[in-house]
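Analysis of the macromolecular model
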Amino acid sequence: MIYITRKEHFNAAHRMYRDEWSAEKNNEVFGKCANPNWHGHNYNIFVTVKGEISHATGYLIDLKDLKVIINDYVIEKLDHKNINLDVPFMQGKMASTELLCIEIFNQLKAPIEANEGVFLHSVKLYETENNSAEYFGD
């Protein structure tokens, strides 16, 4: 079994808040992240796939194909968007890094695994240099 990781990036804005809470409660729980004028991040995403290497190609998956999948199913939907307002797969969900990481995994699983013998192992999402979430589909 081999593991291959592809790194991509996108820029997006979001706001952490709950409509049913007062502004004071949102500020107490989420601090600066509850800013009503939003805030943004330069996200880095690491997508790791696993499987057996093809003896015909020497690849698990052609990394150009993996790049296209990530771009079509994630980057195009998130880059320079407002996660709370513009991203259909995040509608009705908190725009936390944790939930975004899980939803990105869900977006990528089927198209990646449509490639014979290739399995999505994990998605790691860096919101900042110091903060990240990683999801294995568990």
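Before reading further, recall that the structure is shown in the block above.
Residues numbered from 1 in each chain as written. Predicted model: local features only at pLDDT ≥ 70, side-chain atom pairs only at ≥ 80, totals over all residues. Heavy atoms only, no water.

1. Observations concerning the overall build of the protein chain
The condition that has to hold: Think of it this way: any DSSP run of H or I at least four residues long counts as a helix, any run of E at least two long counts as a strand, and we number them from the N terminus. Residues are treated as being in contact if the distance between any of their heavy atoms lies within 4.5 Å. In these tables, accessible area is a Shrake-Rupley quantity obtained with a 1.4 Å probe, and a residue counts as shielded only by the protein chains included in the view. Charge assignment: positive for Lys and Arg, negative for Asp and Glu; neither His nor the chain ends contribute. To locate a charge, take atom NZ for lysine, CZ for arginine, CG for aspartate or CD for glutamate.
On a plain count of helices and strands, the protein chain comes out with four helices and five strands. Listing the helices and strands of the protein chain from first to last along the sequence gives β-α-β-α-β-α-α-β-β. The contacts in the protein chain between residues at least 6 apart in sequence include a share of 66% that link residues at least 24 apart. As presented, the protein chain carries roughly 8,100 Å² of accessible surface, and 49% of it is formed by carbon and sulfur atoms. A distance of 2 Å separates the average location of the 14 positive side-chain charges in the protein chain from that of its 20 negative side-chain charges.

2. Details of helix α2 (residues 63-78)
Under the convention used in this document: Multiplying 1.5 Å by the helix residue count minus one yields the expected span of that helix. Across the chain, bend at a residue is computed as the angle between axes fitted to the seven residues ending at that point and the seven starting from it. Burial classification: accessible surface area is computed with a 1.4 Å probe over protein chains only, and a residue below 20% of its type maximum counts as buried, one above 50% as exposed, and the rest as partly exposed.
Under the 1.5 Å per step criterion, the end-to-end length of α2 is 21 Å for 16 residues, consistent within 8% with the ideal 22 Å. When the local axis directions of α2 are compared, the greatest deviation, roughly 45 degrees, occurs at asparagine 71. When α2 is considered as a whole, its buried residues turn out to be Leu66, Ile69, Ile70, Val74, Ile75 and Leu78. Elements that come into contact with the buried residues of α2 comprise β1 (2-14), β2 (39-51), β3 (81-82), α3 (83-86) and α4 (97-113).

3. So, the nonpolar core
The criterion, for reference: Side-chain atoms within 4.5 Å are what join buried Ala, Val, Leu, Ile, Met, Phe, Trp, Tyr and Cys residues into a set we call a nonpolar core.
Counting 31 residues, the largest nonpolar core has Phe10, Leu78, Leu100, Ile104, Leu108 and Ile112 as the members making the most contacts within it. Those elements that provide at least two residues to this core are β1, β2, α2, α4, β4 (118-126) and β5 (132-135). The residues touching isoleucine 104, leaving out its near neighbours within four places in the chain, are Phe10, Ile45, Val74, Leu78, Phe89, Val123 and Leu125.

4. Describing the sheet that holds β4
Threshold: At least two DSSP bridges between two strands are required for those strands to pair. In this analysis an axis means a line fitted to C-alpha atoms, helices contributing only their contacting stretch, and an angle means the value between N-to-C directions, from 0 to 180 degrees.
Strand order in the open sheet made by the five strands is β3-β1-β2-β4-β5, with mixed pairing throughout. Pairing within the sheet leaves two strands with one partner each, and these edge strands are β3 and β5. Here 13 bridges tie β1 to β2, and the two strands are oriented antiparallel to one another. Across the sheet, residue alanine 13 finds its bridge partner in β2, namely glycine 40. Along the sheet, α2 makes contact with β1, β2 and β3, crossing β1 at roughly 20 degrees. α4 contacts β1, β2, β4 and β5 of the sheet and is inclined by roughly 155 degrees relative to β4.

By themselves, these are just geometric observations and shouldn't be taken as functional.
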